[in-house]
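Structure assessment
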Amino acid sequence: MNPPTSRYLVFFQYFGTKYSGVMETLTDQPVLGVQNYLERAAQNLRPVAPIKFYISSRTDTGVHALCNSAHLNVQRAAGKPPFPGSVIVSALNYHLKPEPIRFK
């Protein structure tokens, strides 16, 4: 039996100067997308299954965002309760340092 999955809606902002846009890019590219960094940070939550961000929009290389939204699904080990939303935001912000990306 699979542990339950919790879905979270998150809002984030970033200075896009060093990114290829918001969407994920192949890791062999010279410049990565914001999504690459978001998903890398999310793996520190120690989910049962890899976490994927479903971002509501797209941006081009170098574009900044003041309020972008996405949802993510987090599956924790059996018997562990879902994270409160505030823990998700704090943990992601912590693991994104020193990147200029922040969750609100």
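Let me sum up the structure you'll find in this document. None of these values were measured; they are calculated from a predicted model.

Here is what the cut-offs are and how they apply
Residues numbered from 1 in each chain as written. Predicted model: local features only at pLDDT ≥ 70, side-chain atom pairs only at ≥ 80, totals over all residues. Heavy atoms only, no water. Salt bridge = Lys/Arg side-chain N within 4 Å of Asp/Glu carboxyl O. Helix = DSSP H or I, 4+ residues; strand = E, 2+ residues; numbered from the N terminus. Buried < 20%, exposed > 50% of the residue type's maximum accessible area, 1.4 Å probe, protein only. Axes fitted to C-alpha atoms, helices over the stretch in contact; angles between N-to-C directions. Parallel < 35°, antiparallel > 145°, perpendicular 65-115°, else oblique. Left-handed = near helix turned anticlockwise from the far one by under 90°. Contact = heavy atoms within 4.5 Å. Nonpolar A, V, L, I, M, F, W, Y, C, P; charged D, E, K, R; others polar. Phe/Tyr/Trp six-rings, centres within 6.5 Å; stacked < 30°, edge-to-face > 60°.

1. Structural notes on the pattern of salt bridges
A full pass over the atoms with the stated rule returns three salt bridges. With a shortest N-O distance of 2.9 Å, Lys52 and Glu24 are connected by a salt bridge. You can see Lys52 sitting in the loop between α1 (34-42) and β2 (53-55) and its partner Glu24 sitting in the loop between β1 (5-14) and α1, a full 28 residues away along the chain. The exposure class of Lys52 is partly exposed, given its relative accessible area of 34%. The partly exposed category is assigned to Glu24, whose relative accessible area is 41%.

2. Description of the packing of α1 against helix α2 (residues 85-96)
In a packed pair of helices, the relevant descriptors are the angle between the two axes and the axis-to-axis distance. Contact geometry for α1 and α2: axes closest at 9 Å, N-to-C directions at 115°. By the angle between their directions, the pair α1 and α2 is classed as roughly perpendicular. α2 is crossed by α1, and the crossing has right-handed handedness. Along the contact surface, α1 presents Tyr37, Leu38, Ala41 and Ala42, while α2 presents Leu92, His95 and Leu96. Here the contact of α1 with α2 is composed, by residue class, of six nonpolar, one polar and no charged.

3. Quick notes on the packing of aromatic side chains
One pass over the structure, following the stated rule, counts five aromatic pairs. Between the aromatic rings of Tyr19 and Tyr37, the centroid separation amounts to 5.3 Å while the plane-to-plane angle is 70°, which identifies the pairing as edge-to-face. Remark: Tyr37 occurs in helix α1 and Tyr19 occurs in the loop between β1 and α1; sequence separation between them is 18 residues. Here Tyr19 and Tyr37 have matching classes, each one buried.

Limitation: the analysis is restricted to geometry and does not speak to function.
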